[in-house]
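Each chain is listed here by its residues.
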Amino acid sequence: MSAAGETMSVVGRPVTGATHRALVRRTADRSGRTLVDVAEVRTPRLDPGDMLLAPTTVGICGTDWQILRGLRDDPSPVLGHEGVAYVVEPGESGLPAGTPVTVNPTHPHDASFLLGHNLPGLWAERTRIPATAVRAGLVVPVPADAARPRVAALAEPLASALYGARIARHTLTPAALVVWGDGIVGRLARDLWLTERPGLHTLLVGHGDDATDPRAAGLPGLLAGLPSPVVAVIATPRTGTREALTTLDRYVPGTLLVDLHAGVPSGPVPLTAGDIDAAAIRAANCGGTPWPPKVEEFTRPHGRLLLCGHRGVSGDHLRQAVDLLRTTPALGEEALTHQVGLEEAADLVNTVLTSSTRRAGGRRVLKAAVRIGSKS
């Protein structure tokens, strides 16, 4: 089965089945630094049951930046796992052509499907979704207005924050919240908790003007003074997860529940309760299963430690996130800092990759929404 012959308008330009444009990463210079280009690439042929999507608005994720900076070894030349697309070829989905959808990028049982990591992602005018992912229900229909930049770019990270909040709420009711990491997921997690629990005592740790720097001399005192029980969400790059976990464990007294949203290197982490394999605990919850979730409990010299984490999201998480973003205008409003077209996206990404700060156009880049196409 092939998409050859179909035509759809994307940003005022007809796209036929032979080729399409994509944001492709490449090794740019002698230092081995990665940059991106807008390139014409071959539109993939479809095997039976595969879907073909036309992305319309997509996000640039913190994980994408890690891949581009060489902090992860994900092989896909085309990144992108957040966004809204239109169905071009429905495959086995039963969805009509033209249906707006979002894609759950993590298959709960098939490690060969990780969209934008080991398979070409959504930073393109066309994206193939394998039949295994289609049959697993990873392509989720959404309302037409979900293609708006804030909704399309933030739905998947908000779904992940929803997953973590649901696990935490199932386990305890916190008196205080610590969010370690003031990027997209961290800010969405904080906003989500405050939407549901206005007035909750909250501490944001990060590098923004409204956050407490993780190296600040006063941070241990702030942590020690939090009312118990405390829920802590770690939403750092994976290189910062261990430090965040060990600092929280050392200074937060009483009952502490830590949600390992961020990845963590394998192997034992030295905590006050002993050496703990945090990576294995994080991996125990994936895609919404099992439920009730797995939360491990440890005894510390100064209180209980409840440790959990999660990978991926479920279709229900995605639908809930889309609905929240559509109906709660302030949610994530400050997180969406840039809206660009495909060519502008290459300039934005390369500007960040070649500078020492994550800034473009005079602003810190939190979430960038890339406008790729529209249904004709």
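Here goes a summary of the coordinates provided.

## A short note on the overall build of the protein chain
Alright, step 1. Within the protein chain, the secondary structure is distributed over 9 helices and 21 strands.
Alright, step 2. By the compact-globule yardstick of 21 Å for 376 residues, the protein chain fits well, its C-alpha radius of gyration being 21 Å.
Alright, step 3. Referenced to the eigenvectors of the C-alpha coordinate spread, the extents of the protein chain come out at roughly 65 × 45 × 40 Å.
Alright, step 4. Across the 376 residues in the protein chain, those meeting the buried criterion constitute 56%.
Alright, step 5. As presented, the protein chain carries roughly 15000 Å² of accessible surface, and 51% of it is formed by carbon and sulfur atoms.
Alright, step 6. If the 38 positive side-chain charges of the protein chain are averaged to one point and the 36 negative ones to another, these points end up 1 Å apart.

## A word on the sheet that holds strand E13 (residues 256-260)
Alright, step 1. Strand order in the open sheet formed by 6 strands is E11-E10-E12-E13-E17-E16, and the pairing between neighbours is mixed. Lying at the two open borders of the sheet, with one neighbouring strand each, are strand E11 (201-205) and strand E16 (296-300). Within the sheet, the average angular offset between the axes of one strand and its neighbour, ignoring direction, is 20°.

## Topic: the pattern of salt bridges
In a structure, side chains of opposite charge can pair up when their charged atoms sit close to one another.
Alright, step 1. Considering all chains together, one arrives at 22 salt bridges under this definition.
Alright, step 2. Arg326 is paired through a salt bridge with Asp323; the nearest N and O atoms lie 3.4 Å apart. Pair noted here: Arg326 and Asp323 are both in helix H8 (residues 315-327), with a separation of 3 residues, about one helical turn.
Alright, step 3. Given a relative accessible area of 39%, Asp323 falls into the partly exposed group.
Alright, step 4. In this structure, a network of salt bridges that share partners links the residues Asp182, Arg187, Arg190, Asp191, Asp210 and Arg364.

## What about the packing of aromatic side chains?
Alright, step 1. The full count for this structure, using the stated rule, is 0 aromatic pairs.
Alright, step 2. We note Arg166 situated over the ring of Trp291; from NZ or CZ to the ring centre the distance is 4.0 Å.

## Observations concerning the packing of helix H3 (residues 149-171) against helix H4 (residues 184-196)
Alright, step 1. Across the interface, H3 lies against H4 with an axial gap of 9 Å and an inter-helix angle of 55°. By the angle between their axes, H3 is oblique relative to H4. When you trace H3 past H4, the crossing you get is right-handed. Residues Leu154, Pro157, Leu158, Ala161, Leu162, Ala165, Ala168 and Arg169 of H3 pack against Ile184, Val185, Leu188, Ala189, Leu192, Trp193 and Glu196 of H4.

## Brief notes about unusual backbone geometry
Alright, step 1. Cis geometry is found at the peptide bond from Ser228 to Pro229, where omega equals 0°.
Alright, step 2. Here Pro229 is to be found in the loop between helix H5 (219-224) and strand E12 (230-234).
Alright, step 3. Between Thr289 and Pro290 the backbone carries a cis peptide bond, its omega angle lying at -5°.
Alright, step 4. Mapped onto the secondary structure, Pro290 falls in the loop between helix H7 (278-283) and E16.

## Comments concerning H4
Note that an α-helix has 3.6 residues per turn; residues three or four places apart therefore point the same way.
Alright, step 1. With 13 residues, H4 extends 18 Å from end C-alpha to end C-alpha; this agrees with the ideal 18 Å at 1.5 Å per step.
Alright, step 2. Taken residue by residue, H4 has Ile184, Val185, Gly186, Arg187, Leu188, Ala189, Arg190, Leu192 and Trp193 as its buried positions.

## A closer look at the environment of Leu52
Alright, step 1. Among the secondary structure elements, Leu52 is positioned in strand E5 (residues 51-60).
Alright, step 2. Measuring from C-alpha to C-alpha, the distance between Leu52 and Pro290 comes to 31 Å, with 238 residues separating the pair along the chain.

## Remarks on the pairing of E11
Alright, step 1. In terms of strand pairing, strand E10 (residues 176-180) meets E11 through 5 bridges, oriented parallel. Note that in E11 the partner of Val179 across the bridge is Leu204.
Alright, step 2. As a crossover connection, the stretch from E10 through H4 into E11 is right-handed.

## Details of the side chain of His310
Alright, step 1. Secondary-structure assignment places His310 in the loop between strand E17 (303-309) and H8.
Alright, step 2. The exposure class of His310 is buried, given its relative accessible area of 2%.
Alright, step 3. Looking at His310, its side chain comes within polar contact range of the side chain of Asp259, at 3.3 Å.
Alright, step 4. Leaving out residues up to four positions away in the same chain, His310 has contacts with Ser160, Tyr163, Gly164, Ile167, Asp259, Leu260, His261, Arg282 and Asn285.

## Brief notes about H8
Alright, step 1. Look at H8: 18 Å from first C-alpha to last across 13 residues, which is about the 18 Å you get at 1.5 Å a residue.
Alright, step 2. Turning to H8, its buried residues are Gly315, His317, Leu318, Ala321, Val322 and Leu325. Taken around the axis of H8, the buried residues stretch over an arc of 160°, which confines them to a single face.
Alright, step 3. On its buried face, H8 sits against strand E7 (100-103), strand E9 (139-141) and H3.

## With respect to the state of the cysteines
Alright, step 1. Using the criterion set out here, one finds 0 disulfides in the structure.
Alright, step 2. As a non-bridged cysteine, Cys61 has Cys286 as the owner of its nearest cysteine sulfur, 16 Å distant.

## Quick look at the side chain of Thr337
Alright, step 1. If you trace the backbone, Thr337 turns up in strand E18 (residues 336-341).
Alright, step 2. Thr337 gets classed as buried once you look at its relative accessible area, which sits at 11%.
Alright, step 3. At 3.1 Å, the side chain of Thr337 forms a polar contact with the backbone nitrogen of Leu366.
Alright, step 4. Beyond its immediate stretch of four places on either side in the chain, Thr337 contacts Arg363, Arg364, Val365, Leu366 and Lys367.

What counts, and where the lines are drawn
Residues numbered from 1 in each chain as written. Predicted model: local features only at pLDDT ≥ 70, side-chain atom pairs only at ≥ 80, totals over all residues. Heavy atoms only, no water. Helix = DSSP H or I, 4+ residues; strand = E, 2+ residues; numbered from the N terminus. Rg over C-alpha atoms; globule rule 2.2 N^0.38 Å. Buried < 20%, exposed > 50% of the residue type's maximum accessible area, 1.4 Å probe, protein only. Areas by Shrake-Rupley, 256 points an atom, 1.4 Å probe, with all protein chains shown as cover. Lys, Arg positive; Asp, Glu negative; His and termini not counted. Charge placed at Lys NZ, Arg CZ, Asp CG, Glu CD. Pairing = 2+ DSSP bridges. Axes fitted to C-alpha atoms, helices over the stretch in contact; angles between N-to-C directions. Salt bridge = Lys/Arg side-chain N within 4 Å of Asp/Glu carboxyl O. Phe/Tyr/Trp six-rings, centres within 6.5 Å; stacked < 30°, edge-to-face > 60°. Lys NZ or Arg CZ within 6 Å of the ring centre and 35° of its normal. Parallel < 35°, antiparallel > 145°, perpendicular 65-115°, else oblique. Left-handed = near helix turned anticlockwise from the far one by under 90°. Contact = heavy atoms within 4.5 Å. Expected span 1.5 Å × (residues − 1). Right-handed = clockwise from strand over helix to strand, strands pointing away. Polar contact = N/O pair within 3.5 Å; in protein donor to acceptor, adjacent residues only side chain to side chain. Arc of directions from axis to C-beta. Disulfide = S-S within 2.5 Å.

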